[in-house]
Amino acid sequence: MTLIAQITDMHIRPSGKKAYGVVDTEAMLRAAVASIAAQPRQPNLVVASGDLTDCGLVEEYELLHDILKPLAMPVYLLPGNHDRRENMRLVFGDQGYLPMNGEHLHYTVEDQALRIIALDTVVAGKGHGEMDTPRLAWLRARLDEQPDRPTIIFMHHPPFPTGLQHMDSINCRNAPAMAELLRGRANVERVACGHHHRSIQIRWAGTIGSVAPSVAHQVVLDLQPHDDATFNMEPPGYHLHLWQPDAGLITHTAFIGHFAGPYPFLLDPDYPAFKDKDAAPVSHAAAAAAAQKSR
Ligand SMILES: [Fe+2]
Ligand SMILES: [Fe+2]
């Protein structure tokens, strides 16, 4: 069993500054961290899939470092188009998993039942990402190392379309070559991305592509073709990826916030399976008692 919390697109600014003049991304990430720490089943690890900061400033990474401190499990970071590799290395390089040499911040995590491949898709100074020849070669080599082991690939820019035209224009380029590389590899459970600030799923390259919602602002859901991206403050969230040997990879969306409940499932006597103990998800006895009381 492996449980991964995928947080993404935190867009941290220096303390006291809001992203785009609107979003208190520090407070929102602190709320996400509290939500993960309160999960009844604690994730084995957290993966943050890019746009960790808004501008890639050292000050922003230092604040990010501070915000993530309450998490007891390891946290793995990937860059997005708003990040700067050199500053990520400066602040997080001592954690041991980021390569300190070479251009890209690729790595694998090998100590879980589910293998993790983290891919750096960033093209410095650009909004889009790319799987160019060196990156494809690195990915092929990693996949060839352990062709039978269940694997999840994390990358910031989706290599698949999402129907959000303005966001798809800054997707991961050279995606057909990556699709060709993945096709036929049944051990690749998922290609899990960020960048689009919404929860999205697609069948792609013989596996499943997914995008996690942002822990901060969301991209407006508008599937009409147009060029302008706008955001709103829909409920933020993150993905919980649960890998079980008998079931494969199961993904839940966790919303961050305070919501009414929990309430018990007190079954109404008119419920067709009222007398079927096996059909009651919580407490048949409690429902029967409540029904008795209401008579
Ligand atoms: Fe983002
Ligand atoms: Fe992005």
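The preceding data block contains the structure.
Parameters at a glance
- Residues numbered from 1 in each chain as written.
- Chains lettered and ligands numbered in written order.
- Predicted model: local features only at pLDDT ≥ 70, side-chain atom pairs only at ≥ 80, totals over all residues.
- Heavy atoms only, no water.
- Donors = N, O, S within 2.8 Å, 3.2 Å for Na, K, Ca; no water.
- Tetrahedral: all angles 85-135°; square planar, octahedral: opposite > 155°, others 65-115°.
- Helix = DSSP H or I, 4+ residues; strand = E, 2+ residues; numbered from the N terminus.
- Buried < 20%, exposed > 50% of the residue type's maximum accessible area, 1.4 Å probe, protein only.
- Pairing = 2+ DSSP bridges.
- Salt bridge = Lys/Arg side-chain N within 4 Å of Asp/Glu carboxyl O.
- 1 Å grid on protein atoms, 1.4 Å probe; cavity = no way out; pocket = protein on both sides within 12 Å on 5 of 7 lines; lining within 4 Å.
- Points joined across faces, edges and corners; volume = space filled by probe spheres on them.
- Nonpolar A, V, L, I, M, F, W, Y, C, P; charged D, E, K, R; others polar.

Q: Honestly, the coordination of the iron ion (ligand 2) in this entry has me stumped. Any pointers?
A: Think of it this way: four donors in a tetrahedron around the metal ideally sit 109.5 degrees apart, and six in an octahedron ideally sit 90 or 180 degrees apart. At the metal site, the iron ion (ligand 2) is ligated by Asp51 (OD), Asn81 (OD1), His156 (NE2) and His195 (ND1), and these contacts range over 2.1 to 2.3 Å. Here the iron ion (ligand 2) is ringed by 4 donor atoms whose angles at the metal span 88 to 159°, and the overall shape comes out irregular. Of note, the iron ion (ligand 2) draws all its donor residues from one chain, in the sequence arrangement D-x29-N-x74-H-x38-H. The metal-metal distance between the iron ion (ligand 2) and the iron ion (ligand 1) is 3.6 Å, with aspartate 51 serving as a donor to both. Of the two residues, histidine 156 is situated in the loop between β7 (151-155) and α5 (165-168) and histidine 195 in the loop between β9 (188-193) and β10 (200-204); the sequence distance between them amounts to 39 residues. Residue classification places histidine 195 among the buried residues on the basis of a relative accessible area of 3%.

Q: Where do I start with the coordination of the iron ion (ligand 1) in this structure?
A: Taken together, the protein donors to the iron ion (ligand 1) comprise Asp9 (OD), His11 (NE2), Asp51 (OD) and His197 (NE2), at separations of 2.0 to 2.3 Å. Classification of the site at the iron ion (ligand 1) rests on its 4 donor atoms, whose angles at the metal span 87 to 173°, yielding the label irregular. The sequence motif formed by the donor residues of the iron ion (ligand 1) is D-x1-H-x39-D-x145-H. Given a relative accessible area of 0%, aspartate 9 falls into the buried group.

Q: Is there a simple way to think about the pairing of β10 in this case?
A: For a regular strand, side chains alternate in direction, first toward one face of the sheet and then toward the other. As paired strands, β10 and strand β11 (residues 207-211) are joined by 5 bridges and run antiparallel to one another. When the bridges of β11 are listed, isoleucine 202 appears paired with glycine 209. Hairpin connection, β10 to β11: the antiparallel pair is bridged by 2 residues, and alanine 205 has positive phi, about 55°.

Q: What am I meant to see in the pattern of salt bridges here?
A: Pairing between side chains of opposite charge can happen when the charged atoms of each approach one another. For the coordinates displayed, the defined rule picks out 13 salt bridges. Close ionic contact of arginine 13 with glutamate 60 constitutes a salt bridge, the shortest N to O distance being 3.0 Å. In this pair, arginine 13 sits in the loop between β1 (2-7) and α1 (25-37) while glutamate 60 sits in helix α2 (residues 58-68), placing the two residues 47 residues apart along the sequence. Accessibility classification places arginine 13 together with glutamate 60 in one group, the buried group. With its nearest N and O atoms 4.0 Å apart, the salt bridge here joins aspartate 120 to arginine 135. Of this pair, aspartate 120 sits in the loop between β5 (115-119) and β6 (129-130) while arginine 135 sits in helix α4 (residues 133-145); the two residues are 15 residues apart in sequence, bridging distant segments of the chain. The exposure class assigned to aspartate 120 is buried, which follows from its relative accessible area of 0%. By relative accessible area, arginine 135 is classed as buried at 3%. By sharing partners, the salt bridges in this structure join Arg85, Glu103, Asp120, Asp132 and Arg135 into a single network.

Q: Explain the layout of surface pockets here, please?
A: Over the atoms a probe the size of a water molecule is rolled, and this reveals where empty space is left. Here the largest pocket is characterised by a volume of approximately 240 Å³. In terms of lining, the largest pocket is formed by 14 residues, of which the most central are Tyr20, Met167, His197, Val219 and Ala229. Classifying every residue of the lining of the largest pocket by side-chain character gives 6 nonpolar, 7 polar and 1 charged. Around the second largest pocket, the lining comprises 13 residues; the ones closest to its centre are Asp83, Arg84, Arg85, Ala124 and Gly125.

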